[in-house]
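If you want the building blocks of each chain, they are given just below.
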Amino acid sequence: MEEFGVYAVLGVDAPPRRLLRAEGSSRVSVAVPAGVRQVVLFSSGPWGGRICVNAELDDRDRIPVTIGKLTPYNKCLSWEQWEEETWGDDVTLNVTLVGGNPVKADWAEPALTLAAKEYTPQDTVAPPTARELKNSKRKRGAEEELDEENTCPNGSLQKTIPVQKVRGQAKGGQKLFTSGGNAKVTADKGAGAVQGIVGRTPPQSAARTKSRLAKTPTHTAQLVGPSGRCQSLCPVDAQTAILIGGQGARMQFCKDPMWKLCTEDMSWMAAETLAEGPTPEARIGHTAVYDPDTKRIFVFGGSKNKKWFNDVHILDTQSWKWTMVEAQGKVPPLAYHSCSMFRGELFVLGGVFPRPHPEPDGCSDSLYIFDPHLSIWYQPIVTGDKPSPRSGHSACVMQERKIYMFGGWDTPVCYNDTYVLDLGLMEFSAVKTTGRAPSPRSWHGSTVLSDTKFLIHGGYNGHNALSDTFVFDTETNMWTEVMLPQLSIPRAGHCIITMETGASRRFSESTEEAEREAGSVSRTLLVFGGGDNEGNFYSDLTTVAMEELRTCV
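A brief report on the enclosed structure follows.

Reading guide: rules and limits
Residues numbered from 1 in each chain as written. Predicted model: local features only at pLDDT ≥ 70, side-chain atom pairs only at ≥ 80, totals over all residues. Heavy atoms only, no water. Helix = DSSP H or I, 4+ residues; strand = E, 2+ residues; numbered from the N terminus. Buried < 20%, exposed > 50% of the residue type's maximum accessible area, 1.4 Å probe, protein only. Contact = heavy atoms within 4.5 Å. Areas by Shrake-Rupley, 256 points an atom, 1.4 Å probe, with all protein chains shown as cover. Pairing = 2+ DSSP bridges. Core = buried A, V, L, I, M, F, W, Y, C linked by side-chain atoms within 4.5 Å. Phe/Tyr/Trp six-rings, centres within 6.5 Å; stacked < 30°, edge-to-face > 60°. Axes fitted to C-alpha atoms, helices over the stretch in contact; angles between N-to-C directions. Salt bridge = Lys/Arg side-chain N within 4 Å of Asp/Glu carboxyl O.

Some words on the overall build of the protein chain
Argument step 1. A tally of helices and strands in the protein chain yields five helices and 38 strands.
Argument step 2. Counting across all 553 residues of the protein chain, residues that qualify as buried make up 56%.
Argument step 3. Within the protein chain, contacts between residues at least 6 apart in sequence are counted, and of these 62% link residues at least 24 apart.
Argument step 4. If you sum the accessible surface of the protein chain, you get close to 23,700 Å²; carbon and sulfur atoms cover 50% of it.

Things to note about the sheet that holds strand β26 (residues 394-398)
Argument step 1. Here five strands make up an open sheet; going across it, the order is β25-β31-β30-β27-β26 and the pairing mixed. Either end of the sheet is taken by a strand with one partner, and the two such strands are β25 (383-384) and β26.
Argument step 2. Pairing analysis gives four bridges linking strand β30 (residues 418-422) to strand β31 (residues 427-430), with the strands arranged antiparallel. Its bridge partner lying in β31, L421 is registered against F428.

Points about the nonpolar core
Argument step 1. By size, the foremost hydrophobic cluster in this structure holds 26 residues, and its most contacted members are L19, L41, L93 and V95.
Argument step 2. When contributions to this core are tallied by element, the ones reaching two or more residues are β1 (5-10), β2 (17-21), β3 (27-31), β4 (38-44), β5 (50-58), β6 (64-70), β7 (76-80) and β8 (92-99).
Argument step 3. Excluding residues that lie within four positions of it along the chain, L41 makes contacts with V6, Y7, A8, L19, A55, L70, K75, C76, L77, L93 and V95.
Argument step 4. One finds V289, V348, Y368 and W377 within the second-largest nonpolar core, a separate group that totals 15 residues.

Quick word on the packing of aromatic side chains
Argument step 1. Within the structure shown, the criterion is met by 16 aromatic pairs.
Argument step 2. Taking the centre distance of 4.8 Å and the plane angle of 55° together, the rings of F472 and W479 count as tilted. Like F472, the residue W479 is buried in the burial classification.
Argument step 3. One aromatic cluster is present, formed by Y404, F406, F454, F470, F472 and W479 through successive ring pairs.

Re the sheet that holds β1
Two orientations exist for strands paired in a sheet by backbone hydrogen bonds: parallel and antiparallel.
Argument step 1. Here we have four strands laid out as an open sheet, ordered β2-β1-β4-β7, and antiparallel in their pairing. Edge positions in the open sheet fall to β2 and β7, since each of these has one partner strand only. Geometrically, the sheet is characterised by an average inter-axis angle of 20° between neighbouring strands, direction not taken into account.
Argument step 2. By the bridge criterion, six bridges tie β1 to β4 in an arrangement that is antiparallel. Note on β4: the bridge partner recorded for A8 is L41.

Section: the pattern of salt bridges
Argument step 1. Taken as a whole and assessed by the stated rule, the structure comprises 14 salt bridges.
Argument step 2. The closest approach of N and O atoms between D311 and R283, which form a salt bridge, is 2.7 Å. In this pair, D311 is assigned in the loop between β16 (307-308) and β17 (312-316) and R283 in the loop between β12 (267-270) and β13 (287-291), connecting sequence segments 28 residues apart.
Argument step 3. Using a relative accessible area of 13% as the deciding quantity, one classes D311 as buried.
Argument step 4. Linked by salt bridges that have partners in common, E281, K304 and K307 make up one network.

Structural notes on the pairing of strand β9 (residues 230-237)
Argument step 1. Most of β9 is tucked away, with six of its eight residues classed as buried.
Argument step 2. Sheet topology note: the β9/strand β10 (residues 240-247) ladder contains six bridges and is antiparallel. Within β10, the residue paired with C230 across the bridge is Q247.
Argument step 3. Counting the residues in the hairpin turn of β9 and β10 gives two residues.

Here it is as structure tokens:
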């Protein structure tokens, strides 16, 4: 039987070289020859009890240029320099085998393996040290070519995102966090303590949080929850949510891209290696939406440095298998768009799309619909008062007949307007609201609370991350600001969902009839991740009882 091995091809004309074998070292570091513009990594032979192979391409400061993972179901990956803007002539390939009880041996191929560095990969280590952060302040040769529209507000290299009616703002370098006050998290005793920690080493008071999700990872401990990030968390049933992808500290893609959350005990489980089929390539600015009828998650779009995506990946949550759709029709590559599920179809609104260099990226005002049954994209005829082009906005499907769209931005304007799309008439209209409306913002969190209400929290206004919370009533078109101590930490790019938790289910068992009369089932608001635009990315999970929220409105 063929022996298990991991091989690398360094350059298009180079032969495969063995990096890892069944009885060899579990970690290896390889210098990529100068001038090599393509790296291919693949496995051969039976995997046995091995779980995965973590791989990363690091620059001279050990800052990841790109990351990847081999699994028993995804046995090959490739990287090309044109996709990675920080890929220079001094890069190193680091490969780590996880699982299978590997042993260390004194084998080596001198022409290939320069050192077997005993370090824990970044998806299992503590947050970066101040020295590493200082090193990451290096100048990037392609920095001036980065486009403002394709920048997450929490990235370590700040782009000055303009606010309403402010023009002519120049690009600036974002400060990396090195020290400073740690955010204080207020526990919701009615819904359970806050789960998780800020995506870096917390203060001692936070480190003593009883939740096992709040445990501070060390160089030898495995993570018990996802790393700090901005991106998509979507519920798949009453007690389960799936986290897919995202962007973490220093503009890097998360090396632990997929997690499963069980709300019964608020526990996380790493889920990437459980899924078969071709997993989506690492990306940011994508969307992940769940279809309860087919029990599938649809991942669309996003970007990776200068590479843009318009592909559709589907995760079947019953068979736990990925498939990539070969779709017909035309849809542009988009990032930071909104994606809503309505009657089994994906409704994609707005977003950022690339333009030929040196033009800046543009924002879309178009609506694209994907029909999974026919695997086809199409553009409907839409009438009425269309919203202006934008990205980083929110969209909520209300009463299975309307999509409410709020906020977003397009250089040099940040919005706080509200639009509604009638899904029967396919007609847009601007909503004349009353009450105190949220200030202009983008990358805020939003979720549907009931048939007539949705919530907006946080976001980014061009200068700071926000922490305020608003509820919109679609019957009265009225905004109401609510005060929630649990959500007092400013953040943008976070996810908000409503789900049942252990506490809410126990509550609903004794008050089922009363809850039904109130028009809703007892549920809990969950807020995950995001960042503060100061270089800090969060991995905490904050809960708010819906009963408490209703008393505030």
